[in-house]
Amino acid sequence: MITIQLKPKKEESLQRFHPWLFSGAIQRIDGNPAEGELVEIVDNNKNFLALGHFQIGSIAVRVVSFEKVLIDDNFWNRKIQLAYSMRKSLGLVVTNQNDTYRLIHGEGDTLPGLIVDVYGDTAVMQAHSIGMHEIRQTLAQAIVDNVSEVKNVYYKSETTLPFKAAIEPEDGYLIGSETTQLCAIENGLKFHVDWLRGQKTGFFVDQRENRTLLERYSKGKSVLNMFCYTGGFSVYALRGGAKLVHSVDSSAKAIDLTNKNVEANFPNESLHQSFDEDAFKYLNNLHTLEQKYDVIILDPPAFAKHREALRNALKGYKRLNTKAFEQIKPGGILFTFSCSQVVSKEQFRLAVFSAAAESKRHVRILHQLSQPADHPISIYHPEGEYLKGLVLWVE
Ligand code: SAH
């Protein structure tokens with residue numbers, strides 16, 4: 001196995017189990033590893049530190065083991081088994097009220113570069129690293145062997161792997177084939193899931209508990225669901241007894257999906273309407289108090305995918321939240337989220353604070369939200385806390 005030797009004093013973060021080795025810490029590479037190849041990391045004195053997948057880029061190695069063990073099919077099988085048994089013990093696996101959950105959450109499951117979501121009998125797998133791409137078939141087999149409900153594994157990595165790498169990932173079934181199901185049940189509600197064409201793995205399972213909280217606060221309220229995508233929040237608001245729900249998304253496909261999901265749960269519902277429009281434009285066009293809302297949900301796409309985009313992202317969050325503060329009725333509730341990994345909880349809160357100050361509204365924090373337990377965060381990898389939310393009472 002090829003060895004990577006670190007510069008002096010660069011071993012500390014790995015000794016604290018942080019799973020990424022940055023290229024700047026490398027003194028020498030003993031050989032010429034292929035992208036995705038398993039390598040051994042040693043400190044400057046050649047003491048063993050970790051084993052991981054090599055890749056060209058600022059994160060040079062994603063660690064899969066801090067122990068010197070044999071990395072074979074059995075090793076991957078055990079990791080999948082561990083991830084599944086934790087979810088089983090927490091009651092998060094398939095039941096008749098919920099048949100969708102995240103089985104593997106990258107670093108949070110000591111499998112950096114791998115995401116797996118389960119929808120009934122199908123697991124949708126996304127590789128974010130070439131190392132995971134290379135072993136996709138082994139991983140798919142381990143999923144089917146350990147998770148009794150799963151019969152099909154769909155691989156969806158065409159957009160998540162680095163395009164510079166000399167590989168051409170193809171989306172498709174690694175095991176099994178298309179089911180007729182194409183539907184997920186979340187807290188008893190039905191959602192069409194299109195993992196072939198949809199965003200990410202097809203559905204945002206990470207908002208499950210936050211949607212439940214919205215349901216609790218929706219009774220008798222007018223609700224605006226911005227960036228609605230599948231209409232997840234809208235359907236919960238309707239079940240919660242909202243007097244009116246408006247869903248907004250700039251993608252016509254998302255609006256179709258929202259309408260389909262509302263229809264699947266509440267046929268012929270007249271309290272819901274959707275708008276294929278830009279979020280900022282929509283918010284700018286609410287002029288009278290009657291047009292304003294009691295509850296607004298802001299769940300935009302990640303404004304910053306890379307560190308360089310951070311400043312602009314923070315400005316974006318501030319601008320969007322300012323608009324929402326301006327357009328929410330007195331005594332309103334704002335659910336505001338950021339799913340950008342590079343934006344910290346503190347930075348997001350500061351952006352929302354600045355927006356509140358600019359709009360001169362009196363604002364109190366009711367809840368601080370994050371991601372659910374099937375998206376665990378390794379305590380050694382705080383970057384894994386990507387979903388941040390605030391629920392605010394706006395006077
Ligand atoms: N809240 C959703 C997930 C949102 S994903 C859920 O619970 O599942 C982000 C969505 O924002 C996407 O559907 C995308 O089409 C939409 N979007 C991106 N930019 C937008 C803009 N400027 N205005 C309105 N919608 C936008």
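It should be noted that the structure appears before, not after, this text.
Caption draft 1: Expanded view of the overall build of the protein chain. Within the protein chain, the secondary structure is distributed over ten helices and 20 strands. For 395 residues, the compact-globule estimate of 2.2 N^0.38 gives 21 Å, and the C-alpha radius of gyration of the protein chain, at 22 Å, lies within 12% of that figure. Taking all 395 residues of the protein chain together, the buried fraction comes to 54%. Within the protein chain, contacts between residues at least 6 apart in sequence are counted, and of these 63% link residues at least 24 apart. Summed over all atoms, the accessible surface of the protein chain reaches about 18,000 Å², with 51% contributed by carbon and sulfur.

Caption draft 2: Main features of helix 6 (residues 232-239). Of all eight residues that make up helix 6, seven are buried, and the element is covered over most of its length. Listed in full, the buried residues belonging to helix 6 are Gly232, Phe233, Ser234, Val235, Tyr236, Ala237 and Leu238. Looking one or two places after helix 6, you find Gly241, whose phi comes out positive at around 95°.

Caption draft 3: Local environment of the pairing of strand 5 (residues 48-54). Among the seven residues that make up strand 5, six are buried, leaving the element largely enclosed by the rest of the structure. Pairing between strand 4 (residues 38-42) and strand 5: five bridges, direction antiparallel. The residue bridging Leu38 from the neighbouring strand is His53, located in strand 5. Hairpin connection of strand 4 to strand 5: five residues between the antiparallel strands, including Lys46 at a positive phi of 70°. Relative to strand 6 (residues 59-65), strand 5 is paired through four bridges, and the arrangement is antiparallel. Bridge assignment links His53 to a residue of strand 6, and that residue is Arg62. The loop that links strand 5 with its antiparallel partner strand 6 comprises four residues; one of these, Gly57, has a positive phi angle of about 145°.

Caption draft 4: Seen up close, the side chain of Glu186. Along the chain, the position of Glu186 falls in strand 12 (residues 183-186). Glu186 sits in the buried class, given a relative accessible area of 0%. Among the polar contacts listed, one links the side chain of Glu186 to the side chain of Arg211, at a separation of 3.1 Å. Those residues within four positions of Glu186 in sequence are excluded, and the remaining contacts are Gln97, Asn98, Thr100, Phe191, Phe203, Val205, Arg208, Arg211 and Tyr236.

Caption draft 5: Inspection of the site of the ligand at higher detail. Around the ligand sit 16 residues in total, of which Arg211, Asp249, Asp278, Ala279 and Asp299 are the nearest. Phe227 is positioned with one of its backbone polar atoms (N or O) 3.1 Å from a nitrogen atom of the ligand. In this structure, a nitrogen atom belonging to the ligand sits 3.1 Å away from a main-chain N or O atom of Ser250. For the ligand, the accessible surface in isolation is 590 Å², of which the surrounding protein chains cover 88%. Among the residues making up the shell around the ligand, the classes are represented as seven nonpolar, four polar and five charged.

Caption draft 6: Looking closely at the pattern of salt bridges. For the structure on display, the rule yields ten salt bridges. The closest approach of N and O atoms between Arg211 and Glu186, which form a salt bridge, is 3.1 Å. Of this pair, Arg211 sits in helix 5 (residues 208-217) while Glu186 sits in strand 12, and the two are 25 residues apart along the sequence. Neither Arg211 nor Glu186 differs from the other in exposure class; each is buried. Glu395 is the partner of Arg364 in a salt bridge, and the nearest nitrogen-oxygen pair spans 2.8 Å. Placement of Arg364 in strand 19 (residues 363-369) and of Glu395 in the segment after strand 20 (388-394) is noted, with a sequence separation of 31 residues between them.

Caption draft 7: Here's a closer look at unusual backbone geometry. If you check the backbone angles, Thr110 has positive phi at about 50° while not being a glycine. When you line up the elements, Thr110 lands in the loop between strand 7 (100-105) and strand 8 (114-119). With relative accessibility at 45%, the residue Thr110 sits in the partly exposed group. The phi dihedral of Lys360 falls on the positive side, at around 60°, and the residue is not glycine. Inspection of the secondary structure assignment puts Lys360 in the loop between helix 10 (345-359) and strand 19.

Caption draft 8: How the structure looks around the environment of Gln137. Residue position: Gln137 is located in helix 4 (residues 136-146). The class for Gln137 is partly exposed, based on a relative accessible area of 42%. Taking the C-alpha atoms as reference points, Gln137 and Ile175, separated by 38 residues in sequence, lie 8.3 Å from one another.

Caption draft 9: Region of interest: the packing of aromatic side chains. What the rule picks out here adds up to eleven aromatic pairs. Between the aromatic rings of Trp20 and Phe22, the centroid separation amounts to 6.1 Å while the plane-to-plane angle is 90°, which identifies the pairing as edge-to-face. Here the aromatic cluster, defined as three or more aromatic residues joined through ring pairs, consists of Phe17, Phe66 and Tyr380. In this structure, Arg211 packs its charged tip against the face of Phe233, placed 5.6 Å from the ring centre.

Caption draft 10: Fine view of the nonpolar core. In this structure, Trp76, Leu103, Met125, Met132 and Ile143 are the most contacted members of the largest nonpolar core, which totals 33 residues. The element that contributes the greatest number of residues to this core is helix 2 (residues 73-89), accounting for five residues. Aside from chain neighbours lying at most four places away, what touches Ile143 is Ile80, Leu103, Val116, Ala123, Met125, Val150 and Val153. Core analysis: the second largest hydrophobic core is formed by 32 residues, Val124, Tyr154, Val262 and Leu387 among them.

Caption draft 11: Spotlight on the environment of Leu283. Inspection of the secondary structure assignment puts Leu283 in helix 8 (residues 279-284). With a relative accessible area of 0%, Leu283 lands in the buried category. Apart from residues lying up to four places away in sequence, Leu283 is in contact with Leu224, Met226, Leu320, Lys323, Ala324 and Gln327.

Parameters and conventions
- Residues numbered from 1 in each chain as written.
- Predicted model: local features only at pLDDT ≥ 70, side-chain atom pairs only at ≥ 80, totals over all residues.
- Heavy atoms only, no water.
- Helix = DSSP H or I, 4+ residues; strand = E, 2+ residues; numbered from the N terminus.
- Rg over C-alpha atoms; globule rule 2.2 N^0.38 Å.
- Buried < 20%, exposed > 50% of the residue type's maximum accessible area, 1.4 Å probe, protein only.
- Contact = heavy atoms within 4.5 Å.
- Areas by Shrake-Rupley, 256 points an atom, 1.4 Å probe, with all protein chains shown as cover.
- Pairing = 2+ DSSP bridges.
- Polar contact = N/O pair within 3.5 Å; in protein donor to acceptor, adjacent residues only side chain to side chain.
- Near = heavy atom within 4 Å.
- Nonpolar A, V, L, I, M, F, W, Y, C, P; charged D, E, K, R; others polar.
- Salt bridge = Lys/Arg side-chain N within 4 Å of Asp/Glu carboxyl O.
- Phe/Tyr/Trp six-rings, centres within 6.5 Å; stacked < 30°, edge-to-face > 60°.
- Lys NZ or Arg CZ within 6 Å of the ring centre and 35° of its normal.
- Core = buried A, V, L, I, M, F, W, Y, C linked by side-chain atoms within 4.5 Å.

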